[in-house]
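Chain by chain, the residues:
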Amino acid sequence: MNRTWWKDKVVYQIYPKSFYDTNGDGIGDLQGIIEKMPYLQDLGVDVLWICPFYRSPMADNGYDISDYYRIDPQFGTDADVPQLIAAADACQIKIIIDLVINHTSEAHPWFQAALADPTGEFGRYYYIREGQNGQPPTNWRALFGGNAWEPIRDTGLYYLHAFGKEQPDLNWENPIVREKLYEMVNWWLDQGIAGFRIDAITFIKKNLDFPVLEPDQPDGLALIQKASLNQPGIEIFLNELKARTFLPHNCLTVAEAPGVELEDLPKYVGEDGFFSMIFDFSLADIDIKDDVWHVGSGWTVKDFRDHFYKLMIETQKIGWNANYFENHDQPRALNKYFPPEDIGFPTATLLATLLMLSRGTPYIYQGQELGMVNTPVDSMVEYNDLSTYDKYQRAIDAGLSHDAAMAKMFARSRDNARFPFPWDASKNGGFTTGQPWLKLNPNYTEINAASQMNNDQSIRAFYKHLIALRKNSPWRETIVDGYFAVYPVTDEQIIAFTMQKGQQQLLTLINFQNKAGQVPVPDYFDTLVSNNYPQLNRVSCQVKLLPYQAIVLAN
Ligand code: GLC
Ligand code: CA
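Residues numbered from 1 in each chain as written. Chains lettered and ligands numbered in written order. Predicted model: local features only at pLDDT ≥ 70, side-chain atom pairs only at ≥ 80, totals over all residues. Heavy atoms only, no water.

Examining the overall build of the protein chain
- Helix and strand counts for the protein chain stand at 16 helices and 25 strands.
- Since a compact globule built from 555 residues should have a radius of gyration of about 24 Å, the 23 Å found for the protein chain is in line with a globular shape.
- The C-alpha extent of the protein chain, read off along each of the three principal axes, is 80 × 55 × 50 Å.
- Entry remark: accessible area of the protein chain is about 20,800 Å², with carbon and sulfur atoms responsible for 51%.
- If you average the places of the 47 positive and of the 69 negative side-chain charges in the protein chain, the two averages end up 4 Å apart. (Helix = DSSP H or I, 4+ residues; strand = E, 2+ residues; numbered from the N terminus. Rg over C-alpha atoms; globule rule 2.2 N^0.38 Å. Areas by Shrake-Rupley, 256 points an atom, 1.4 Å probe, with all protein chains shown as cover. Lys, Arg positive; Asp, Glu negative; His and termini not counted. Charge placed at Lys NZ, Arg CZ, Asp CG, Glu CD.)

This is the structure we're talking about:
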């Protein structure tokens, strides 16, 4: 099989808990994905990335794994996996799954054994260190809040967790741990999994000097990222992981890799890189500063454009992009990138056009194809996400009023992506016959899959059209394999670029503003490939763009 078989694929991300519930317990399940396979096939996607369905106490909804080999009963049985792979295969769809190997759950038998005997064999599976004068070993702040070291009873010992305290970090320095993980990765590949989305992988190497850092907030703590993100020596682990697992199986790997600097990009996604591609955070987190939800960045469309161009150009020099605007950790893109009054068909299809015409693999998150938006809530109890609770508290601690903090949660809560998928206009959007684990966005009576499937003018129909362009159209090779170049325009609110392959050239124009724009376009771009408006205004070598118009022209 071709080493880069994944290059022309379109990926669709599923959050199983919120996709479709078949047994009325209010929680989406693997049978739900199997049942909805025709929906996915109709959309035209080729690969499903399914978020964790392993055994888990669900402190972080499955990103806290207690058994890497078994399916959590909430999601179904172990037998559902081969059935899922077969059902997907029958639709020419491949499955990739989350690989969460920076940490386990505290309920994992390894960690339980480590707690029972912190200085014994399993203690060395994790980072366990002595405190100092009754204080934790360092002042690192965990990503989900508080000190990243958690005391082990009254032993004076602490274990390290980069994320929640329910998610102890595995000690990658221990070769036995690495062996056990490789064995597990290979086992999954042997089940017929086509690859992995690799969770938080740039965290696996720690600064082993365990330095106390300069505090960066009044809590006296400093971001753990400073001592455990993309640290020197990580390449040894990542090369070994790849050589022992991914490479022999020729699988698709997409790494969640915050903190990778441009100069390190070749190591990650170059010719012999660790991964097929990585998720960059510059566009997804453009609205906030340092992962603090209540501090806005004051970004502009020009910033967005600059990040986008840079990402395209720098990655093209050495490898392949993973393009996305949404995932299970992000609010809905429409709310992030546009003022509320502008959310609608033009803005949703503008983002779709940018996503699907960019160079790299497009990742669509469930519901994005319907133009889903953030869900209003009345109180914190309507949220489930542990990070949302932490970020709310931090906003309050920083002096925000309850209402102001709630507005930030509405804008940023990860649950915005996790509110259940609206299948139709019936009760609870047809997601479940029971009580849904999170409520439905109240707009489900209007925004739902059934209504859009019957409407060839819908946002979903537009996604389908763009996916088809990438898969079977006269321009497919240029879209997938073309050379990206910025198309210079003076208006800084317009994103414009070409893709070229051989004699064929595509020009994408994205008018990222609620007013008209104008771009000079030579006559030889005479074929209209895509347009999110019924009309194209073109007068003597000038294309006039309507608010949020997105068009693609070919020569
Ligand atoms: C990644 C996941 C996120 C999870 C975290 C800890 O960022 O995408 O959902 O909470 O890792 O595993
Ligand atoms: Ca269920």
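Back to the write-up after that little detour.
Notes on the coordination of the calcium ion (ligand 2)
- All of the protein donors around the calcium ion (ligand 2) are Asp21 (OD), Asn23 (OD1), Asp25 (OD), Ile27 (O) and Asp29 (OD); their distances to the metal are 2.3 to 2.4 Å.
- Donor residues for the calcium ion (ligand 2) sit on one chain with the sequence pattern D-x1-N-x1-D-x1-I-x1-D.
- Asp25 gets classed as partly exposed once you look at its relative accessible area, which sits at 37%. (Donors = N, O, S within 2.8 Å, 3.2 Å for Na, K, Ca; no water. Buried < 20%, exposed > 50% of the residue type's maximum accessible area, 1.4 Å probe, protein only.)

Regarding the layout of surface pockets
- Looking at the second largest pocket, its volume works out to about 450 Å³.
- The wall of the second largest pocket is formed by 22 residues, among which Arg3, Thr4, Trp6, Glu271 and Ser276 lie closest to the centre.
- Among the residues making up the lining of the second largest pocket, the classes are represented as nine nonpolar, seven polar and six charged. (1 Å grid on protein atoms, 1.4 Å probe; cavity = no way out; pocket = protein on both sides within 12 Å on 5 of 7 lines; lining within 4 Å. Points joined across faces, edges and corners; volume = space filled by probe spheres on them. Nonpolar A, V, L, I, M, F, W, Y, C, P; charged D, E, K, R; others polar.)

What about the site of ligand 1?
- Around ligand 1 sit 13 residues in total, of which Asp60, Asp199, Glu256, His328 and Asp329 are the nearest.
- Within the side chain of His103, an N or O atom sits 2.9 Å from an oxygen atom of ligand 1.
- Within the side chain of Asp199, an N or O atom sits 2.8 Å from an oxygen atom of ligand 1.
- About the coverage of ligand 1: the protein hides 96% of its 310 Å² of free accessible area.
- When grouped by side-chain class, the residues that make up the shell around ligand 1 number three nonpolar, three polar and seven charged. (Near = heavy atom within 4 Å. Polar contact = N/O pair within 3.5 Å; in protein donor to acceptor, adjacent residues only side chain to side chain.)

Focus on the environment of Pro488
- The residue Pro488 is located in the loop between β18 (483–486) and β19 (494–501) in this model.
- As for Pro488 and Gly434, which are separated by 54 residues in sequence, their C-alpha atoms are 54 Å apart.

Describing the domain arrangement of the protein chain
- Domains assigned within the protein chain are domain 1 (11–103 + 175–379 + 453–463), domain 2 (109–160), domain 3 (380–412) and domain 4 (481–554).
- Each of domain 1 and domain 3 has a C-alpha centre, and the two are 23 Å apart.
- Taken together, the contact pairs 22 residues of domain 1 with 20 residues of domain 3.
- Together, Trp293, His294 and Ser379 form the three largest contributors to the area buried by domain 1 at its contact with domain 3, with a combined 48%.
- Connecting domain 1 to domain 3 are three salt bridges.
- The tally of links from domain 1 across to domain 3 stands at eight residue pairs in polar contact (both at pLDDT 80 or more).
- Of all the secondary structure elements, the ones that give two or more residues to the side of domain 1 that touches domain 3 are β15 (292–296) and α10 (333–337).
- No other element matches β15, which puts three residues into the side of domain 1 that touches domain 3.
- For the side of domain 1 that touches domain 3, the residue count by class is eight nonpolar, eight polar and six charged. (Domains from an automatic or database assignment. Contact = heavy atoms within 4.5 Å. Buried area = accessible area lost by both parts, 1.4 Å probe. Salt bridge = Lys/Arg side-chain N within 4 Å of Asp/Glu carboxyl O.)

Here's the deal with the pairing of strand β1 (residues 11–14)
- Burial along β1 is two-sided: Val11 and Gln13 facing one way and Tyr12 and Ile14 facing the other are all buried.
- Of the strand pairs in this sheet, β1 and strand β17 (residues 361–365) are connected by three bridges, and their pairing is parallel. Bridging across to β17, Val11 finds its partner in Tyr363.
- Pairing analysis gives four bridges linking β1 to strand β2 (residues 47–50), with the strands arranged parallel. (Pairing = 2+ DSSP bridges.)

Focus on the side chain of Thr388
- One can find Thr388 in helix α12 (residues 386–397).
- Since its relative accessible area comes to 0%, Thr388 is described here as buried.
- A polar atom in the side chain of Thr388 sits 2.7 Å from the side chain of Asp385.
- Each residue touching Thr388, except ones within four places of it in the same chain, is listed here: Trp293, Met380, Tyr383, Met409, Ser413 and Arg414.

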